[in-house]
Amino acid sequence: MNLLRRALLALGLPLVLVVLWWLLSLGSTSFFWPPLATIVQAFPETWTADPILHDVLPSLARLAVGYLVALVVGVAAGTAIGSSRTLRALCEPTLEFFRAIPPPVLIPVIALFAGYTGWTAKVVTIALGCLWPILLNTVEGVRSVDEVLRDTARSYRLGRLTTLRQVVLRGASPRIATGARQALSIGVILMVISELFGANRGLGAAIVQFQRSFAVPQMWTGIILLGLIGVALSGLFRLVEHRTMAWYRGLRQSERGQP
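Read on for a plain summary of the structure. (Residues numbered from 1 in each chain as written. Predicted model: local features only at pLDDT ≥ 70, side-chain atom pairs only at ≥ 80, totals over all residues. Heavy atoms only, no water.)

**Description of the overall build of the protein chain**
Applicable threshold: Only runs of H or I of at least four residues qualify as helices and only runs of E of at least two qualify as strands under DSSP, and these elements are numbered from the N terminus. For every residue, the accessible area (1.4 Å probe, protein chains only) is compared with the maximum for its type, and the residue is labelled buried under 20%, exposed over 50%, or partly exposed between those bounds. Contacts were defined at the residue level, with two residues in contact if any of their heavy atoms lie within 4.5 Å.
Looking only at helices and strands, the protein chain has 11 helices and zero strands in total. Overall, the protein chain shows an N-to-C arrangement of helices and strands of α-α-α-α-α-α-α-α-α-α-α. Viewed in the frame of its principal axes, the protein chain has a C-alpha envelope of about 75 × 55 × 30 Å. Looking at the protein chain as a whole, 35% of its 259 residues qualify as buried. Taking as baseline every contact in the protein chain between residues at least 6 positions apart, the subset at least 24 positions apart corresponds to 72%.

Quick look at the structure:
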């Protein structure tokens, strides 16, 4: 019953929105607002094996590479900056400067050096956009680690690597997970935006090509597919977070006196 209740809560609003869309667009004669039935009918005809293999999967691969690069660099640099007051004071103005620059603005600059058509510019764009939430949340997470835990680790003569892994990173992991979740949504957006400039294949490029050729139902199928991919990635992230952060949930429950 608990699982059924969660499923109803998760699917209730999407089902209501789909029903409303279906009813409001039923019998529509607008070229730009076709009936949802027409869009659903065009979905399997549009996203066959070829576009999935040559458009969707390469886009997801670039997203994965850029996101993983940002995760590794962000956690490593954030741990170093958060652990040193001198380094933090030195880097903070620069970090705030680059954080304020929207990554899509940098796409033409990146493309000048890496080119428009290859993977490099797209991966760099995704990595730069995903980097800042992970980096800044890691810095704050490392800074917020209880000094008592650090002193206890020194008292027990734990090595630097053990202290870093078991005390610092574990203590900062809730904030790191928050930054990683924010970065994932940014990465999906940049995955599409990076394919709008000079790309001939990819999910974003396919949506633009549908729009330019006035294939409106196919364009809507691309938008819906993009949303479904976002939901799937969010669910995958929640699954990983649920397994890796089980200790944190148990700690919070014990602090609240819950069994």
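**Examining the packing of helix H9 (residues 203-212) against helix H10 (residues 216-244)**
Using the following cut-off: A fitted line through C-alpha atoms represents every axis, and for helices the fit uses only the stretch in contact; the resulting angles, taken between N-to-C directions, go from 0 to 180 degrees. Angles below 35 degrees are treated as roughly parallel, those above 145 as roughly antiparallel, those between 65 and 115 as roughly perpendicular, and all remaining angles as oblique. Two helices cross in a left-handed way if the nearer one is turned anticlockwise from the farther one by less than a right angle. They cross in a right-handed way if the turn is clockwise.
Running from amino to carboxyl end, H9 crosses H10 at an angle of 155°, the nearest separation of the two axes being 8 Å. The pairing of H9 with H10 is recorded here as roughly antiparallel in orientation. Read as a crossing pair, H9 and H10 show a hand that is left-handed. Facing H9, whose interface residues are Leu203, Ile207, Phe210 and Gln211, H10 presents Gln218, Met219, Gly222, Ile223, Leu225, Leu226 and Ile229.

**Notes on the packing of aromatic side chains**
This is how the line gets drawn: A pair of Phe, Tyr and Trp rings is counted when the ring centres sit within 6.5 Å of each other, with Trp represented by its six-membered ring. The angle between the planes then sorts it: under 30 degrees is stacked, over 60 is edge-to-face, the rest tilted.
Going through the model one piece at a time under the given rule, you end up with eight aromatic pairs. Where Phe31 meets Phe214, the ring centres are 6.5 Å apart and the plane angle is 50°; that geometry is what we call tilted. Separated by 183 residues along the polypeptide, Phe31 in the loop between helix H1 (2-25) and helix H2 (36-46) and Phe214 in the loop between H9 and H10 bring together distant segments of the chain. Judged by its relative accessible area of 56%, Phe214 falls in the exposed class.

**So, a nonpolar patch on the surface**
Note the cut-off: Only residues whose relative accessible area exceeds 30% and that form no salt bridge enter a patch; like-charged residues are grouped when within 9 Å of one another, and nonpolar side chains (Val, Leu, Ile, Met, Phe, Trp, Tyr) when within 5 Å. Accessible surface is estimated by sampling points in the Shrake-Rupley manner with a 1.4 Å probe; for residues, cover comes only from the protein chains shown. Salt bridges are defined by distance alone: a side-chain nitrogen of Lys or Arg within 4 Å of a carboxyl oxygen of Asp or Glu.
Together, Leu13, Val16, Leu17, Leu20 and Leu24 line one region of the surface with nonpolar side chains, adding up to about 520 Å² of accessible area. Mapping Leu24 onto the fold places it in helix H1.

**Some details on the nonpolar core**
As a reminder, the rule being used: Residues enter a nonpolar core if they are buried and are Ala, Val, Leu, Ile, Met, Phe, Trp, Tyr or Cys, with the set joined through side-chain atoms within 4.5 Å.
Core analysis: the biggest nonpolar cluster contains 40 residues, and Trp47, Tyr67, Leu135, Met191 and Leu203 have the highest contact counts within it. Of all elements in the fold, only H2, helix H3 (49-83), helix H6 (119-143), helix H8 (160-193), H9 and H10 reach the threshold of two or more residues within this core. Residue contributions to this core peak at 10 residues, all from H8. With near-sequence residues (within four places) excluded, Trp47 lies in contact with Ile52, Val56, Leu203, Ala206, Phe210, Thr221, Gly222 and Leu225.

**Some words on H8**
Applicable threshold: Here the expected span of a helix is defined as 1.5 Å times the quantity of residues minus one. The term bend refers to the angle at a residue between two fitted axes, each drawn through seven residues, those ending there and those starting there.
Here H8 spans only 42 Å end to end across 34 residues, well under the 50 Å set by a 1.5 Å rise per residue. Where H8 bends most, at Ser173, the angle is about 55°, and the proline Pro174 comes one to four residues later.

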